[in-house]
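This is what each chain is made of:
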Amino acid sequence: MPFPCRVTAPVDLTARNSFAVHATARRLLEVGDIATLPAVIAALPDDGTALLVIGGGSNLLFAGDAPGDVLAITDDRRAIIADDGDGAVVRAAAGNAWHGFVLWTLAQGLGGLENLALIPGTVGAAPIQNIGAYGVEVGERIVAVEAFDRNTREAVRLDAAACRFGYRDSLFKRQPDRYLVTAVEFALARSAAPVLDYAGLRDALQARGIARPTSRDVADAVIDIRRSKLPDPARIGNAGSFFKNPVVPAATAAALRAEHPAMPVFATADGRQKLSAAWLIDQCGWKGHRDGDAGVAPGHALVLVNHGGASGAELLALARRIAGSVQARFGVALEPEPRIVGATW
Ligand code: EPU
């Protein structure tokens, strides 16, 4: 029986990961209708090979080939499913490209996702690592995540509390082989106060002479800031921030601050302190460094880049050297943000 989805076999994944490193898989399964997902999963060969689910491939480092099949949801339907005039609930299938979806919500007059404009990737990937930028994390806007539970082989709908969102973390990230995100429901508002906690965002709006920014103004400022700081993956391979900002006990942060008064430190809700991985890496002299085609972006120390022909293994080796130097100098362990396939950190 043919698969109820588009199959490419074998497949070159170079164009399917934003680092643009070479990797292959036995087959790529593209699911255009999330309703067919249970049938697709049921028809997978029972040969013990792990299924790799990818979104936009923008938070992924292939340190080797995919072990078996790769599955991508390409269903990109979206709709307003409830509307009380002040706000609305929007449901988007996992295959929506994130930034296009954000622009669509803004065009509907719905605010809430503007601080997350221009993040690469898909709607389905957004809750997995709880994407966040410029003072907003997507989990704060999510009502529910719809997923296929591979353990029970049932479709589930998990409300925001059940998703256990944390900083670049969620239930889905902790159990990567269990849940396959199929759709996400967002609560958005027609006239919410903009979130301007990130100083650079406030400054950018002020510089444009905008005193009372609309959601669209905020999105435009975010787009400009991202373009000025972060390399465009369409031009130079990268996966955004390669490391998470380390969260440490307050006493650790205070001790480091005493030794390095210029070190940025940010408070978190649970009383611990978030350090700036970019600053730590920058202090170790890595910005703009290059090992062959594997490098650190000249404009941002947290972004690893592929100058053309780097392999995933070369990028991973560079990441390990960077983390090793930060550990040696500051005693702080860095953890990668992207999912690494074919190696463990
Ligand atoms: N800094 C340096 N050197 C650099 C870059 C930054 O010392 O080369 C220092 C500066 O002091 C700056 C601080 O690091 O004030 C923080 O930098 P930035 O504002 O660029 O934010 P970030 O902590 O490096 C995080 C997210 C980004 C998100 C921005 C803005 C993580 C891992 N990264 O970066 O998310 O866009 O905040 O909110 O949390 C991503 O996850 O891929 C990503 C790009």
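The rules behind the values
Residues numbered from 1 in each chain as written. Predicted model: local features only at pLDDT ≥ 70, side-chain atom pairs only at ≥ 80, totals over all residues. Heavy atoms only, no water. Domains from an automatic or database assignment. Contact = heavy atoms within 4.5 Å. Buried area = accessible area lost by both parts, 1.4 Å probe. Salt bridge = Lys/Arg side-chain N within 4 Å of Asp/Glu carboxyl O. Helix = DSSP H or I, 4+ residues; strand = E, 2+ residues; numbered from the N terminus. Nonpolar A, V, L, I, M, F, W, Y, C, P; charged D, E, K, R; others polar. Buried < 20%, exposed > 50% of the residue type's maximum accessible area, 1.4 Å probe, protein only. Pairing = 2+ DSSP bridges. Phe/Tyr/Trp six-rings, centres within 6.5 Å; stacked < 30°, edge-to-face > 60°.

Peer 1: Would you mind going over the domain arrangement of the protein in detail, with residue names and values included?
Peer 2: Segmenting the protein into domains produces domain 1 (6-73), domain 2 (78-189) and domain 3 (237-341). The C-alpha-based centres of domain 1 and domain 2 are spaced at 21 Å. Taken together, the contact between domain 1 and domain 2 spans 13 residues of the former and 15 residues of the latter. Interface area for domain 1 against domain 2, summed over the two sides, is near 1100 Å², with a carbon-plus-sulfur share of 70%. At the boundary of domain 1 and domain 2, one finds zero salt bridges. Listed by contribution, the elements that provide at least two residues to the side of domain 1 that touches domain 2 are helix H1 (37-42) and strand S7 (69-73). The biggest single contributor to the side of domain 1 that touches domain 2 is H1, with four residues. A per-class count over the side of domain 1 that touches domain 2 returns nine nonpolar, four polar and no charged.

Peer 1: Mind laying out the pairing of strand S4 (residues 27-31), listing which residues take part and the relevant values?
Peer 2: S4 sits mainly inside the fold: five of its five residues count as buried. Taking every second residue as pointing to the same face, both faces of S4 are buried, with Arg27, Leu29 and Val31 on one and Leu28 and Glu30 on the other. For strand S1 (residues 6-8) and S4, the ladder comprises three bridges, and the chain directions are antiparallel. Among the inter-strand pairings, valine 7 is bridged to a residue of S4, identified as leucine 29.

Peer 1: Summarise the packing of aromatic side chains; cite the residues concerned and give the values.
Peer 2: In total, this model carries 10 aromatic pairs according to the counting rule given. Relative to phenylalanine 186, the ring of phenylalanine 101 has its centre 5.2 Å away and its plane inclined at 40°; by these criteria the two rings are tilted. Of this pair, phenylalanine 101 sits in helix H2 (residues 98-107) while phenylalanine 186 sits in strand S14 (residues 179-189); the two residues are 85 residues apart in sequence, bridging distant segments of the chain. Taking relative accessible area as the criterion, phenylalanine 101 reaches 0% and is therefore assigned buried.

Peer 1: Could you give me a rundown of the environment of phenylalanine 148, with the residues and numbers involved?
Peer 2: On the secondary structure map, phenylalanine 148 appears in strand S12 (residues 142-149). Looking at phenylalanine 148, the relative accessible area reads 3%, which means it is buried. In sequence terms phenylalanine 148 and arginine 178 are 30 residues apart; their C-alpha atoms lie 8.2 Å from each other. With residues near it in sequence (within four places) discarded, phenylalanine 148 still touches Leu37, Pro38, Ile41, Arg153, Glu154, Ala155, Arg178, Tyr179, Leu180 and Thr182.

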